[in-house]
Amino acid sequence: MELYMSLAIGVLFTVGVYLILSKSLLRIILGTSFLTHGVHLLLLTMSRLKTGAAPLLGEKADAYVDPLPQALILTSIVISFGVTSFFFVLAYKAYQKLGTDDMEQLKGEDAHE
């Protein structure tokens, strides 16, 4: 199972880096989103994929699952959702003001000299 997760992580990182290196602002935002999802899967895989019961004190289970990586990933999902929403609003306002989402044109006139 770890092999499949590692392949999925590699695909997410590859697609994310490819999108970040493009000139479109929306593709850059989607690339950062793919990278954060790859990091979430990486954290889950690094904590070892285990099956077991929830870590409740009253139950007598043979194996328990560590809740700390899941809590970190859940917190990271919420933060990345907020940051991605902020990036989309920022890109929309930049498109409204400048009429383009091309990063070369967003640099301005002084950056070409």
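Up top is the structure these notes are about.
Note that the structure is predicted; figures quoted are calculated from it, not measured.

*Asks:* Could you give an account of the environment of glycine 52, with specific residues and numbers?
*Replies:* For glycine 52, the position within the fold is in the loop between helix H2 (25–46) and helix H3 (67–98). Considering only alpha carbons, one finds glycine 52 and tyrosine 64, twelve residues apart in sequence, at a separation of 4.9 Å. Not counting residues within four places of it along the chain, the set of residues in contact with glycine 52 comprises Ala63 and Val65.

*Asks:* Summarise the packing of H2 against H3; cite the residues concerned and give the values.
*Replies:* Orientation of H2 relative to H3, taken along the N-to-C sense of each, is 180 degrees, at an axis distance of 10 Å. Between H2 and H3, the angle is such that the two are roughly antiparallel. Side by side, H2 and H3 meet where Leu25, Leu26, Ile29, Leu30, Thr32, Thr36, His40, Leu43 and Leu44 of the first sit next to Ile73, Ser76, Ile77, Ser80, Thr84, Phe87, Phe88 and Ala91 of the second. Considered class by class, the residues forming the contact of H2 with H3 number eleven nonpolar, six polar and no charged.

*Asks:* Run through the packing of aromatic side chains, naming residues and quoting values.
*Replies:* Scanning the model with the defined rule gives one aromatic pair in all. Relative to phenylalanine 87, the ring of phenylalanine 86 lies with its centre 6.3 Å away and its plane at 40 degrees, an arrangement referred to as tilted.

The rules we used
Residues numbered from 1 in each chain as written. Predicted model: local features only at pLDDT ≥ 70, side-chain atom pairs only at ≥ 80, totals over all residues. Heavy atoms only, no water. Helix = DSSP H or I, 4+ residues; strand = E, 2+ residues; numbered from the N terminus. Contact = heavy atoms within 4.5 Å. Axes fitted to C-alpha atoms, helices over the stretch in contact; angles between N-to-C directions. Parallel < 35°, antiparallel > 145°, perpendicular 65-115°, else oblique. Nonpolar A, V, L, I, M, F, W, Y, C, P; charged D, E, K, R; others polar. Phe/Tyr/Trp six-rings, centres within 6.5 Å; stacked < 30°, edge-to-face > 60°.

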